There are 2 protein chains.
Amino acid sequence: QFEFVGEASNGVEALAFIKGTPIDILITDISMAEMNGTELTKQVKKNYPDIKVLVVTMFNDPAIINEILMAEAEGYILKNTGKAELVQALTQIADNGTFYSREIMEIMVKARMKRKTTSDLTISPRETEIIKLIGEELSTAAIAERLFISPRTVDTHRKNILEKTGCRTIVGLMKYAFENNLL
Amino acid sequence: QFEFVGEASNGVEALAFIKGTPIDILITDISMAEMNGTELTKQVKKNYPDIKVLVVTMFNDPAIINEILMAEAEGYILKNTGKAELVQALTQIADNGTFYSREIMEIMVKARMKRKTTSDLTISPRETEIIKLIGEELSTAAIAERLFISPRTVDTHRKNILEKTGCRTIVGLMKYAFENNLL
DNA sequence: TTCAAAATACCTATTACTACTGATTTCCCT
DNA sequence: AGGGAAATCAGTAGTAATAGGTATTTTGAA
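Draft legend 1. Spatial organisation of the protein's contact with DNA strand D. Around DNA strand D sit 17 residues, and of these B:Ser124, B:Arg126, B:Ser150, B:Thr153 and B:Thr156 come closest. Those atoms of DNA strand D that come within 4 Å of the protein belong to sugar or phosphate at a rate of 56%. A:Ile170 places a polar main-chain atom, nitrogen or oxygen, 3.0 Å from a phosphate oxygen of DNA strand D. B:Ser150 has a polar backbone atom sitting 2.7 Å from a phosphate oxygen of DNA strand D. For the surface near DNA strand D, the secondary structure elements donating two or more residues are α8 (151–165) of chain A together with α6 (125–135) and α8 (151–165) of chain B. For the surface near DNA strand D, the leading source of residues is α8(B), giving four residues. Partitioning the surface near DNA strand D into residue classes produces three nonpolar, eight polar and six charged.

Draft legend 2. Looking closely at the pattern of salt bridges. Applying the stated criterion across every chain, the model contains 10 salt bridges over all chains. Here A:Glu74 makes a salt bridge to A:Lys45, at a shortest N to O gap of 2.7 Å. Note that A:Glu74 is positioned in the loop between α3 (62–70) and β3 (75–78) and A:Lys45 in helix α2 (residues 37–47), a separation of 29 residues in sequence. B:Glu136 serves as the salt-bridge partner of B:Arg146, at 3.8 Å between the closest nitrogen and oxygen. Placement of B:Arg146 in helix α7 (residues 140–147) and of B:Glu136 in the loop between α6 and α7 is noted, with a sequence separation of 10 residues between them. Owing to a relative accessible area of 41%, B:Glu136 belongs among the partly exposed residues under this scheme.

Draft legend 3. Structural view of the interface of chain A and chain B. In this assembly, 36 residues from chain A lie in contact with 36 residues from chain B. With both sides pooled, the region where chain A packs onto chain B buries about 3700 Å², and carbon together with sulfur makes up 60% of that total. Summed over the shared surface of chain A and chain B, the result is zero salt bridges. Summed over the shared surface of chain A and chain B, the number is six residue pairs in polar contact (both at pLDDT 80 or more). Of all elements in the fold, only α3, α4 (83–94), β4 (99–100), α5 (102–117), α6 (125–135) and α9 (170–179) of chain A reach the threshold of two or more residues within the side of chain A that touches chain B. With 11 residues, α5(A) is the single largest residue contributor to the side of chain A that touches chain B.

Draft legend 4. Broad picture of the sheet that holds strand β3 (residues 75–78) of chain B. Residues and elements named next belong to chain B. In space, the four strands of this open sheet follow the order β1-β2-β3-β4, with parallel pairing throughout. Each edge of the open sheet carries a strand with a single partner, namely β1 (25–28) and β4 (99–100). Strand direction decides the pairing type here: strand β2 (residues 52–57) and β3, joined by four bridges, are parallel. Pairing of leucine 54 across the sheet is with glycine 75, part of β3. Along the sheet, helix α4 (residues 83–94) makes contact with β1, β2, β3 and β4, crossing β2 at roughly 160 degrees.

Draft legend 5. Highlighting the sheet that holds β4(A). Residues and elements named next belong to chain A. If you walk across this open sheet you meet the four strands as β1-β2-β3-β4, and the pairing is parallel. Taken across any chain shown, the strands that pair with only one partner, and hence form the sheet edges, are β1 (25–28) and β4. Here four bridges tie β1 to strand β2 (residues 52–57), and the two strands are oriented parallel to one another. The residue bridging isoleucine 25 from the neighbouring strand is lysine 52, located in β2. Running over the sheet, α4 touches β1, β2, β3 and β4 and is turned about 160 degrees from β2.

Draft legend 6. Broad picture of the protein's contact with DNA strand C. Near DNA strand C you find 16 residues, and of these A:Ser124, A:Arg126, A:Ser150, A:Thr153 and B:Lys159 are the closest. Here the atoms of DNA strand C within 4 Å of the protein split so that 57% fall in sugar or phosphate, with bases taking the remainder. Side-chain polar atom of A:Thr156 to a base nitrogen of DNA strand C: 3.3 Å apart, as the coordinates give it. For the surface near DNA strand C, the secondary structure elements donating two or more residues are α6 and α8 of chain A together with α8 of chain B. It is α8(A) that contributes the most residues to the surface near DNA strand C, four residues altogether.

Draft legend 7. Geometry of the packing of α6(A) against α9(A). All names here are of chain A. Look at α6 against α9: their axes get within 11 Å of each other, and the N-to-C directions meet at 110 degrees. On the basis of their axis angle, the class for α6 and α9 is roughly perpendicular. From α6, Ile131, Ile134 and Gly135 reach across to α9, where they touch Ile170, Leu173, Met174 and Ala177. Class assignment for the residues of the contact of α6 with α9 results in six nonpolar, one polar and no charged.

Draft legend 8. Seen up close, helix α1 (residues 11–20) of chain B. Residues and elements named next belong to chain B. All buried positions along α1 are accounted for by Gly11, Ala14, Leu15 and Ile18. All buried residues of α1 fall inside an arc of 95 degrees around its axis, so they share one side. Residues of α1 that are exposed and angled more than 90 degrees away from the buried face: Ala16, Lys19 and Gly20. Those residues of α1 that are buried are in contact with α2 (37–47). Sitting at the amino-terminal end of α1 is asparagine 10, which places a side-chain oxygen 3.0 Å from the backbone nitrogen of valine 12.

The rules behind the values
- The residue numbering used here restarts from 1 in each chain and proceeds along that chain's sequence as written.
- The naming scheme follows written order: chains are lettered A onward, ligands numbered 1 onward.
- Side-chain atom pairs in this predicted model are given and counted only at pLDDT of 80 or more, local residue features only at pLDDT of at least 70, and totals for whole chains, interfaces and linings cover all residues.
- The basis for every side-chain value is the complete set of heavy atoms in the structure, and neither hydrogens nor water enter the calculation.
- When at least one non-hydrogen atom of a residue lies within 4 Å of a molecule or strand, that residue is treated as near it.
- Any pair of N or O atoms that falls within 3.5 Å is considered a polar contact. Within protein, one atom must be able to donate a hydrogen and the other to accept it, and sequence-neighbouring residues count only if both atoms are side-chain atoms.
- For the purposes of this entry, the term helix denotes a DSSP run of H or I that reaches at least four residues, the term strand denotes a run of E that reaches at least two, and both are numbered from the N terminus.
- Amino acids outside the nonpolar list (Ala, Val, Leu, Ile, Met, Phe, Trp, Tyr, Cys, Pro) and the charged list (Asp, Glu, Lys, Arg) are all regarded as polar, and Gly is one of them.
- A pair is scored as a salt bridge if a Lys or Arg side-chain nitrogen falls within 4 Å of a carboxyl oxygen belonging to Asp or Glu.
- Per-residue accessibility, obtained with a 1.4 Å probe over protein chains only, is compared with the maximum for each type, and a residue is labelled buried under 20%, exposed over 50%, and partly exposed between these values.
- Any two residues whose heavy atoms approach within 4.5 Å are treated as being in contact.
- Reported buried area values correspond to the accessible surface (1.4 Å probe) lost by two parts on association, with both partners' losses combined.
- Two strands pair if DSSP finds at least two bridges between them.
- Axes, fitted as lines to C-alpha atoms, cover a helix only where it is in contact. Angles between the N-to-C directions of the axes lie from 0 to 180 degrees.
- Each angle is binned into one of four classes, with values under 35 degrees roughly parallel, values over 145 roughly antiparallel, values of 65 to 115 roughly perpendicular, and all other values oblique.
- In this context, the arc is that of the directions from the helix axis out to the C-beta atoms.

Written out as structure tokens, the structure is:
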């Protein structure tokens, strides 16, 4: 049910081809000379928002998958998956949907779990509370007022938190908080 | 290929049952009286790390799915999916794998895209660069040194960035940066 | 009950950031 | 050639946070 309209051997060629020939779906790899798949996807999405992009590649690195997700591709499947899945991916994408193969999902979930379990510092409940309030952009004084304690105490908590987490500034603390879902 | 060993009508009952009867896989809903599925999953994972958890529910809210992912369930499928998918989920999970149905993946991807596209402020390349360096816990002076520009200039950039993003402090900026994947 | 961790509180400096205002240059687009 | 955004630089104040230190009270576990 699909019509093959052309091919290109890298990102630059692909963009040139699209310029002359209107297409509905673009199937691309990630590693290519001249312009890689991620960059190509971004360019296509920027200049031709209606063109759907399906990434078919061997890469299963969470970081790369994340980049592709951010580039807003409609689909991502691994090269070793069957023909049936490719057809289903194309069908769903043609129908204004998205398609990410099960392997991809699993990779992301696992990466996520890993990230979560790598930290097991002993941050006390009160400290966690303070971190949350810091995350709400409250100053030391404001936090003290909110918790009905002295600003000095909040100071001490901040100090202890920074020491425990190994951060030098609140910026580092915020990164820590985000990575460990404390907010 | 599976053996049914028992059932419970809420989280508390389930925990009590597990206490007396060893099980391999727990299938649970999310909304339950006494103790919800997310909490149950966390408790089970904490006390019986070897028990696999498959969540079968009607919820398709990204926030809830995220909670479940964080609770480290091995699988998540929607109630309206077919029996074949349920069996496959159980099979994969029994085989030390994970299973998240395609719908779930799509919901997450869409939520992610939405989050990304809701913000289209005009932050300049230089400003983005500054944000990244702030994220590296560099002070204004340090950033100036790194970029070979005056600290005053960095000051101005910071000011403009805060104004553009509507943040009052760097903490707010860091939240913005994380939500928009600027780091 | 005794010990340790957590939470509470204070002091003194120094450093860093925010708020206000104003200005020049460079570069791209029309 | 002109307009406008981006990037550059400067001053002055005031506010907030970090780095040292010290010390008391509460609380939960052994």
